[in-house]
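Below, each chain spelled out in residue letters.
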Amino acid sequence: MRTATCKESGCGREFTSAGGRYCSRHRYPERECLVDGCTHRFRASNRICSACREIFRECASDGCDTFYKGNARHCRACLTPERTCVDPDCLTVFRGTTRLCWEHRAVDRTCEADDCENTYRGTTLLCISCRTVERECSNEDCTTVYWSDRALCNDCRMSDRICPDCEREFRGRTTRCGPCWWAQIPADVRAAISRASGNAYRARKLAAQVAGPVPAAEYERIRAEAPCVYCGGAATEVDHIRPLATHGGWEHASNLVPACRTCNASKRDRLLTEWDQVRVFRAVRASEKVAVEYECQRQELVGVNDA
């Protein structure tokens, strides 16, 4: 590998290469997709854009009958087998197409985007700030607009899968189901993750207190006073209507409602206006506290849009 200068007129960007004359931005010409009706412009060696090359197909691997939508001959599970890093001092087991794990492929870099001088450790040419932009999901049946560096939104990246460890069917983006994924993490790492998560949650609750901590007895009273306000199922937890994590919610009884584990996990740190509106409207009818908070959030959203 050597350091070279891009030969494109007016560029002059330095890059690391085994012998290439152009940087990643100018290695391929900008072209328009050849498919009739598609006006997508892209830089690649292909003459048809990735969206038009994606079709429903059956995996070509022996013994695999997976159907998927894509432009590769093999499904993702067959393309990314579980393997051990080939570095002699590394025992990391990972799924991927490379022979080295991420830690041994990552190098210290400077972002190649114009007007950006961020330094970071990674495998991409752009830092995460320059790769994360507002975009519309590339799935033709989805109109979700989101901030990310991925072409598909979270919902479209999910698929129905079978866990290889317990053979349970689940919907997600990981190879294993949640319990099996958690179980394969070393015990000391699990303990560290739990401590960090608990400490962060306690810090958020402490910063959000209005008149001291909410007693455990008050939490239990709220949980037992009614079923889940979002779906009507048995309430097993208490939810903060306005999240503490990202939206300035208060640690106060007026911000707490009974909820089931499923609804509480699905809502996560989202506002009512950002979540499942069917469950939100049920909660508005079932709880006055939710109705008041939903109206406040709706007015905030209208104010932002008007501005």
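Residues numbered from 1 in each chain as written. Predicted model: local features only at pLDDT ≥ 70, side-chain atom pairs only at ≥ 80, totals over all residues. Heavy atoms only, no water.

J.: Quick question: what am I supposed to make of the overall build of the protein chain here?
T.: Scanning the protein chain for helices and strands turns up twelve helices and 16 strands. For 307 residues, the compact-globule estimate of 2.2 N^0.38 gives 19 Å, and the C-alpha radius of gyration of the protein chain, at 25 Å, exceeds that figure by more than 25%. Across its three principal axes, the protein chain shows a C-alpha extent of roughly 70 × 50 × 40 Å. Taking all 307 residues of the protein chain together, 27% fall into the buried category. Considering only intrachain contacts with a sequence separation of at least 6, the fraction spanning at least 24 residues in the protein chain is 24%. Here the protein chain has roughly 20,400 Å² of accessible surface; of this, 50% comes from carbon and sulfur atoms. Across the protein chain, 47 positive and 43 negative side-chain charges occur, with their mean positions spaced 4 Å apart. (Helix = DSSP H or I, 4+ residues; strand = E, 2+ residues; numbered from the N terminus. Rg over C-alpha atoms; globule rule 2.2 N^0.38 Å. Buried < 20%, exposed > 50% of the residue type's maximum accessible area, 1.4 Å probe, protein only. Contact = heavy atoms within 4.5 Å. Areas by Shrake-Rupley, 256 points an atom, 1.4 Å probe, with all protein chains shown as cover. Lys, Arg positive; Asp, Glu negative; His and termini not counted. Charge placed at Lys NZ, Arg CZ, Asp CG, Glu CD.)

J.: Even after reading the chapter, I still don't get the side chain of Glu-293, so can you show me in this structure?
T.: Relative to the assigned elements, Glu-293 resides in helix H12 (residues 288–306). Under the relative-accessibility criterion, Glu-293 is labelled buried at 14%. Polar side-chain contacts of Glu-293 include one of 2.7 Å to the side chain of Arg-242. Separated by 2.8 Å, the side chains of Glu-293 and Gln-297 make a polar contact. Those residues within four positions of Glu-293 in sequence are excluded, and the remaining contacts are Ile-241, Arg-242 and Leu-272. (Polar contact = N/O pair within 3.5 Å; in protein donor to acceptor, adjacent residues only side chain to side chain.)

J.: Mind showing me how you'd approach the confidence of the model for the protein chain here?
T.: Regions with low pLDDT should not have their predicted coordinates read in detail. Averaged over every residue, the pLDDT of the protein chain is 82; residues scoring 70 or more account for 94%. Of all helices and strands in the protein chain, the one with the weakest mean pLDDT is helix H9 (residues 244–247) (71), whereas strand E16 (residues 256–259) scores best (92). (pLDDT = per-residue confidence, 0-100.)

J.: Before we go on, may I ask you to explain the nonpolar core in this structure?
T.: Most often, soluble globular proteins have nonpolar side chains that are buried together. Within the largest apolar cluster, 14 residues are counted, with the highest numbers of intra-cluster contacts made by Cys-228, Val-229, Tyr-230, Val-257, Cys-263, Leu-272 and Val-290. Elements with a minimum of two residues in this core: E16, helix H11 (277–286) and H12. Ignoring anything within four residues of it in the chain, the contact list for Cys-263 reads Cys-228, Tyr-230, Cys-231, Trp-275 and Arg-279. (Core = buried A, V, L, I, M, F, W, Y, C linked by side-chain atoms within 4.5 Å.)

J.: I keep staring at the pattern of salt bridges and nothing clicks. Help me out?
T.: Oppositely charged side chains may form a pair once their charged atoms are brought near each other. Applying the stated criterion across every chain yields a total of 16 salt bridges. Residues joined in a network through salt bridges with shared partners are Glu-82, Asp-165 and Arg-176. (Salt bridge = Lys/Arg side-chain N within 4 Å of Asp/Glu carboxyl O.)

J.: How should a positive patch on the surface be read in this particular structure?
T.: A contiguous patch of positive charge, built from Arg-76, Arg-150, Arg-173 and Arg-268, is present on the exposed surface. Position of Arg-76 relative to the elements: it lies in helix H2 (residues 76–79). (Patch = residues over 30% accessible without salt bridge, like charges linked within 9 Å, V, L, I, M, F, W, Y side chains within 5 Å.)

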